[in-house]
Amino acid sequence: MFGLKAIELIKEAKRSQEGTLPPYNEEGIRKVLEEMRALFEQNQAEVNEALEGDQDLFVGIQIRHVALEQNKRCILAYLNHRLETIKQLRWELGSVLPQDVKQNLTTPEAQWFSKYSKGLAKYMRSLGNQGGVDLTLDVRPPKTLHIQVRCLEDHGEFETQDGNIILLKKNSQHFLLRSECEHLIRQGILEHIIT
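Note that the structure is predicted; figures quoted are calculated from it, not measured.

(A) Molecular detail of the pattern of salt bridges. In total, this model carries 10 salt bridges according to the counting rule given. In this structure, K72 engages E69 in a salt bridge whose closest nitrogen and oxygen atoms are separated by 3.5 Å. Of this pair, K72 and E69 both sit in helix α3 (residues 57–93), separated by 3 residues, roughly a single helical turn. Look at E69 and you get partly exposed, because its relative accessible area is 27%. One salt bridge connects E191 with R150, and the closest N-O pair in it is separated by 3.0 Å. You can see E191 sitting in strand β5 (residues 190–192) and its partner R150 sitting in strand β1 (residues 146–151), a full 41 residues away along the chain. Residue class for E191 comes out partly exposed when judged on its relative accessible area of 32%. By relative accessible area, R150 is classed as partly exposed at 26%. Linked through salt bridges whose partners overlap, the residues forming this network are E27, R30 and E34.

Written out as structure tokens, the structure reads:
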């Protein structure tokens, strides 16, 4: 039956957990494209016969054409889902993706992420009076500007906006501006200590 491989791509994208990016299914895409190529070639051969007078072939041609369109929509939905996930990860994790996500990106996806990050950063720098506004911070306004955080892993030196250097070692606690450490919290390097 036509389109089953394409529907499997959609199911795979739907099953992926939110905030994660599964490896690109190159084998699945290849199989769908092969099916599409075979359907197109069958249609090309039968169109010539149908135009010569065999009207009974038009039903088969239309069915294969609908299958081609469905496969195309499924591939585009799969690719769009991946790009939307990458965009969401940029807003949640910042411009540096974790290694497990990076290794699941294709080269074009990595290039798209880089361009998207640069465009978003350029736009955020253009906002406000003093160097821009970070739009990727919390959607709701924070209750306080400073928060208490605990370092969950050794991260090394971290420079604050005022130029101070802080050593982020495992289990160390710090009192930092929320805007400075929000991305590190999202990446799992820091943990917000709620008192």
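The rest of the description comes next.
(B) Representation of the packing of helix α1 (residues 4–15) against α3 in the model. Remark: α1 packs on α3, axes separated minimally by 8 Å, with the N-to-C direction vectors making an angle of 20 degrees. As judged from the angle between their axes, α1 and α3 are roughly parallel. The chirality of how α1 crosses α3 is left-handed. Contact residues: α1 offers A6, I7, L9, I10, E12 and A13, while α3 offers Q70, N71, C74, I75, A77, Y78 and H81.

(C) Focus on the UniProt feature "domain: DNA replication complex GINS protein PSF1 C-terminal" (unreviewed entry) in the chain. If you check UniProt for "domain: DNA replication complex GINS protein PSF1 C-terminal" (unreviewed entry), the listed places come out as residues 143–194 in our numbering. The annotated region residues 143–194 carries 17% helix and 42% strand content, and the separation between its end C-alpha atoms amounts to 12 Å.

(D) Molecular detail of a nonpolar patch on the surface. A surface patch of nonpolar side chains, amounting to about 280 Å² of accessible area, comprises F2, V59 and I63. Here I63 lies in helix α3.

(E) Highlighting the nonpolar core. Counting residues in each nonpolar core, the largest one holds 12 residues, listed as A6, L9, A13, I29, V32, M36, L39, A67, L68, C74, I75 and Y78. Breaking this core down by element, the ones donating at least two residues are α1, α2 (26–51) and α3. Here this core takes 5 residues from α3, the largest share from any one element. Among the nonpolar cores identified, the runner-up in size contains 11 residues, and I147, C151, F158 and L190 belong to it.

(F) Local environment of the environment of L57. Mapped onto the elements, L57 comes out in helix α3. We classify L57 as buried; its relative accessible area is 17%. Each C-alpha atom, one on L57 and one on K118, is 52 Å from the other, the two residues being 61 residues apart in sequence.

(G) Spatial organisation of the sheet that holds β5. The sheet built from 3 strands is open, its strands ordered β4-β1-β5 with antiparallel pairing. Strand pairing shows two members of the sheet lacking a second neighbour, β4 (173–177) and β5, which therefore form its edges. Mean inter-strand twist for the sheet, computed between neighbouring axes without regard to direction, equals 40 degrees. Looking at chain direction, β1 and β4 are connected through 5 bridges and run antiparallel. Bridge assignment links R150 to a residue of β4, and that residue is Q173.

Thresholds applied
- Residues numbered from 1 in each chain as written.
- Predicted model: local features only at pLDDT ≥ 70, side-chain atom pairs only at ≥ 80, totals over all residues.
- Heavy atoms only, no water.
- Salt bridge = Lys/Arg side-chain N within 4 Å of Asp/Glu carboxyl O.
- Helix = DSSP H or I, 4+ residues; strand = E, 2+ residues; numbered from the N terminus.
- Buried < 20%, exposed > 50% of the residue type's maximum accessible area, 1.4 Å probe, protein only.
- Axes fitted to C-alpha atoms, helices over the stretch in contact; angles between N-to-C directions.
- Parallel < 35°, antiparallel > 145°, perpendicular 65-115°, else oblique.
- Left-handed = near helix turned anticlockwise from the far one by under 90°.
- Contact = heavy atoms within 4.5 Å.
- UniProt positions renumbered as here; feature names shortened; annotations may be inferred.
- Patch = residues over 30% accessible without salt bridge, like charges linked within 9 Å, V, L, I, M, F, W, Y side chains within 5 Å.
- Areas by Shrake-Rupley, 256 points an atom, 1.4 Å probe, with all protein chains shown as cover.
- Core = buried A, V, L, I, M, F, W, Y, C linked by side-chain atoms within 4.5 Å.
- Pairing = 2+ DSSP bridges.

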